[in-house]
Amino acid sequence: MPLYEHVFIARQDLSNTQAEGLIEHFGTVLADNEGKLVDSEYWGVKTMAYKINKNRKGHYAYLRSDAPATAVQEMERLMRLHDDVMRVLTIKVDEHKELPSVQMQKREERGERRERR
């Protein structure tokens, strides 16, 4: 099955447990449609570059899935209909990296940046 990475932003007025509950909810949607949630990360509340629906901050969540296209389409449809989810991004990837995402790594663990010009 194809591999996907998803990032969604939920409203800032949710509690942390409600935001993590959304991750579990969308994981069960994938499981109900013959897919599986490989890994998930809750990135916490972060400030956005611009307002979305009058919100300056949002709960960010990252999901890795191994699911057929129909399961991903159903999950995206439900995400877009959900009142608490403001934005969704889904990307098809060739393979999942085993390391934690860049957002979860400490600055010392990240690779060196290239020099500025």
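Structural notes, computed from the coordinates. (Residues numbered from 1 in each chain as written. Predicted model: local features only at pLDDT ≥ 70, side-chain atom pairs only at ≥ 80, totals over all residues. Heavy atoms only, no water.)

### Some remarks on the nonpolar core
The biggest cluster of nonpolar side chains holds 20 residues, and the ones touching the most others in it are F8, L22, I23, F26, M75, M79 and V85. Where this core is concerned, the elements lending two or more residues are β1 (3-11), α1 (16-32), β3 (55-66), α2 (69-81) and β4 (85-93). Counting residues in each nonpolar core, the second largest holds seven residues, with I9, W43, M48 and I52 among its members. (Core = buried A, V, L, I, M, F, W, Y, C linked by side-chain atoms within 4.5 Å. Buried < 20%, exposed > 50% of the residue type's maximum accessible area, 1.4 Å probe, protein only. Helix = DSSP H or I, 4+ residues; strand = E, 2+ residues; numbered from the N terminus.)

### Some thoughts on the environment of T90
Relative to the elements of secondary structure, T90 occurs in strand β4. Sequence separation between T90 and R64 is 26 residues; the distance between their C-alpha atoms is 9.7 Å. Setting aside chain neighbours within four positions, we find T90 in contact with Y4, E5, H6, V72 and E76. Here the side chain of T90 touches H6 through a polar contact of 3.1 Å, side chain to side chain. Engagement of the side chain of T90 in a polar contact is seen with the side chain of E76, the distance being 2.5 Å. (Contact = heavy atoms within 4.5 Å. Polar contact = N/O pair within 3.5 Å; in protein donor to acceptor, adjacent residues only side chain to side chain.)

### Some points on α1
Across its 17 residues, α1 extends 25 Å between first and last C-alpha, which sits within 8% of the 24 Å expected from 1.5 Å per residue. Inspection of α1 places A19, L22, I23, F26, G27, V29 and L30 among the buried residues, and these make up the whole buried set. The buried residues of α1 all sit within an arc of 155° when viewed along its axis, so they share a single face. Looking at α1, the residues exposed on the side facing more than 90 degrees away from the buried face are T17, E24 and D32. On its buried side, α1 packs onto β1, β2 (36-52), β3, α2 and β4. Following α1 by one or two positions, E34 has its phi on the positive side, about 65°. (Expected span 1.5 Å × (residues − 1). Arc of directions from axis to C-beta.)

Purely geometric stuff here, so don't read any function into it on its own.
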